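Chain by chain, the residues run as shown.
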Amino acid sequence: MDHEIFTWLNSEQDYPSGLLLYDRFCKNPNLGRILRVGGATGKNRLTLAYELGKIVRHLVSLHVIKVTQSQKYQENHEEKKPVQIPAILIEDVRKEQKMIYKMLDNLHAILPLRDLQERREIAFQILDLDDRLKEITERIAHYEKHGILLPAPEAETLQKASELSDADLIRRQINVRTYITRYKRLVADAKSIKSLSRNRELLEKFQLELEDITKRLNK
């Protein structure tokens, strides 16, 4: 099942075929109807790719956990042997890495063309994908150095500002201010046009989020 989705994500992403995969493997029929009725718009294509990508990441995480549990059992009942990760597993992680790069490129390409509200939503997707990409890159680097693929961290559910309590908003406000400081430094120290552009976009999105949080706290 995950290989069917991988094949679609690394192809031209035919929209009707993607909808069929979504109907088979996703558990949100309401979103499926929205994607089907709304048609192959740029936003719907990105949403479809994002949702299918989440399924793959979840399956890869479960696979790693099962492999890790099996290895622990063998270590307790057999003579210790060098840990060998199946080649298909690390290849799946590398495929997910390529898929995220492709999704990020698409999101950055359409970002300037959307209105403020859509840009805010796209910004959150970019931040989530950037975090996932960092985690995957670190796991691949660890595997290449030690021959062991670490399990993926459990995904956190990103809540909208409107769904947060005042205490959560204050905590998020502190984190966002930290991100703003970091990305201001990254913008100032950028060594390439591509990194400068991406860091500026992320800085702007955090600044927008901070404005939104501040307005909600001041109500």
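Here's what I pulled together on the structure shown here.

## As for the overall build of the chain
Part 1 of the reasoning: The secondary structure content of the chain amounts to eight helices and zero strands.
Part 2 of the reasoning: Going from the N terminus to the C terminus, the chain shows its helices and strands as α-α-α-α-α-α-α-α.
Part 3 of the reasoning: Sorting the 219 residues of the chain into buried and exposed places 39% on the buried side.
Part 4 of the reasoning: When contacts within the chain are restricted to residue pairs at least 6 apart in sequence, long-range pairs at least 24 apart make up 71% of them.
Part 5 of the reasoning: Working note: accessible area of the chain is about 13,800 Å², and carbon and sulfur atoms make up 53% of it.

## Let's talk about the nonpolar core
Part 1 of the reasoning: Ranked by internal contacts, the top residues of the largest apolar core, which has 49 residues, are Leu 48 and Leu 52.
Part 2 of the reasoning: Looking at this core, the elements that each hand over two or more residues are helix H1 (2-9), helix H2 (15-25), helix H3 (29-38), helix H4 (42-77), helix H5 (87-110), helix H6 (116-146), helix H7 (166-188) and helix H8 (193-217).
Part 3 of the reasoning: Among the elements that make up this core, the one with the highest residue count is H5 (nine residues).
Part 4 of the reasoning: Residues within four places of Leu 48 in sequence aside, it is in contact with Trp 8, Tyr 15, Gly 18, Leu 19, Tyr 22 and Leu 35.

## Quick word on unusual backbone geometry
Part 1 of the reasoning: We note that Gln 13 has phi near 60 degrees; this positive angle belongs to a residue other than glycine.
Part 2 of the reasoning: The topology assignment puts Gln 13 in the loop between H1 and H2.
Part 3 of the reasoning: According to the relative accessible area criterion, Gln 13 is buried, its value standing at 11%.

Cut-offs used in this document
Residues numbered from 1 in each chain as written. Predicted model: local features only at pLDDT ≥ 70, side-chain atom pairs only at ≥ 80, totals over all residues. Heavy atoms only, no water. Helix = DSSP H or I, 4+ residues; strand = E, 2+ residues; numbered from the N terminus. Buried < 20%, exposed > 50% of the residue type's maximum accessible area, 1.4 Å probe, protein only. Contact = heavy atoms within 4.5 Å. Areas by Shrake-Rupley, 256 points an atom, 1.4 Å probe, with all protein chains shown as cover. Core = buried A, V, L, I, M, F, W, Y, C linked by side-chain atoms within 4.5 Å.

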